[in-house]
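# Structure assessment
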Amino acid sequence: ALLAGLNPEALRRLCLELRDQAIDTFSLSGEQEALRREALAGLEDEATLEYVRQLEERKAAARAALTEVAQRGNRLQTELGLDRGRHGTASSSRPASAGCP
């Protein structure tokens, strides 16, 4: 009922004035900057830094394990390749019917 006595032009001016004040008071860029600062502070806190450090350690351990497995696989391939070569020569000297009953 407070605004009931205002004519349309006065109501329009009031709305525009309120809008301008709201824009100044609740600046979008100011709010965005405040949120950005808050997010950066959260990313730079001690708990986050500790978590990142733990992730880096896990990554290093996983890389080391992967390297070890790859090296072991290469050694096994080399050994199996040598065994195949020896067995291949031995089995090729047998007649084809020798392995069948």
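As shown above, the structure is provided for reference.
Attention in this report is confined to the structure presented alongside it. Quantities reported herein were computed from a predicted structural model and do not represent experimental measurements.

Looking only at helices and strands, one finds 3 helices and 0 strands in the protein chain. In sequence order, the secondary structure elements of the protein chain are arranged as α-α-α. Within the protein chain, the fraction of its 101 residues that count as buried is 1%. Of the roughly 9,100 Å² of accessible surface on the protein chain, a fraction of 60% belongs to carbon and sulfur atoms.

On the surface, Leu2, Leu3, Leu6, Leu11, Leu14 and Leu18 cluster together into a nonpolar patch covering about 540 Å² of accessible area. Summarising the element assignment, Leu14 is placed in helix 1 (residues 8–25).

It is worth spelling out the pattern of salt bridges at this point. Overall, the coordinates contain 8 salt bridges when judged by the stated rule. A salt bridge links Glu9 to Arg12; its shortest N-O distance comes to 3.1 Å. Of this pair, Glu9 and Arg12 both sit in helix 1, separated by 3 residues, roughly a single helical turn. Take Arg12: its relative accessible area is 46%, and that puts it in the partly exposed class.

With that settled, consider the environment of Leu49. Looking at where Leu49 falls in the secondary structure, it is placed in helix 3 (residues 46–93). The class for Leu49 is partly exposed, based on a relative accessible area of 47%. Other than its neighbours up to four places away in sequence, Leu49 contacts Leu43 and Glu44.

Calculation notes
Throughout, residues of each chain are indexed from 1 in the direction in which the sequence is written. Since the coordinates come from a predicted model, pLDDT governs what is reported: local features require at least 70, and pairs of side-chain atoms require 80 or more to be given and counted, while whole-chain, interface and lining totals use all residues. With hydrogens and water set aside, each side-chain value is computed from the structure's full complement of heavy atoms. Only DSSP runs of H or I covering at least 4 residues are called helices, and only runs of E covering at least 2 are called strands; the numbering of each starts at the N terminus. For each residue, the accessible area found with a 1.4 Å probe, counting protein chains only, is set against the maximum for its type, and the residue is called buried under 20%, exposed over 50%, and partly exposed in between. All accessibility values rest on the Shrake-Rupley procedure with a 1.4 Å probe; residue burial counts only the protein chains present in the view. Like charges are joined within 9 Å and nonpolar side chains (Val, Leu, Ile, Met, Phe, Trp, Tyr) within 5 Å, but only among residues with over 30% relative accessible area and no salt bridge; these make up the patches. Just to be clear on terms, a salt bridge is a Lys or Arg side-chain nitrogen sitting within 4 Å of an Asp or Glu carboxyl oxygen. Any two residues having at least one pair of non-hydrogen atoms within 4.5 Å are treated as being in contact.

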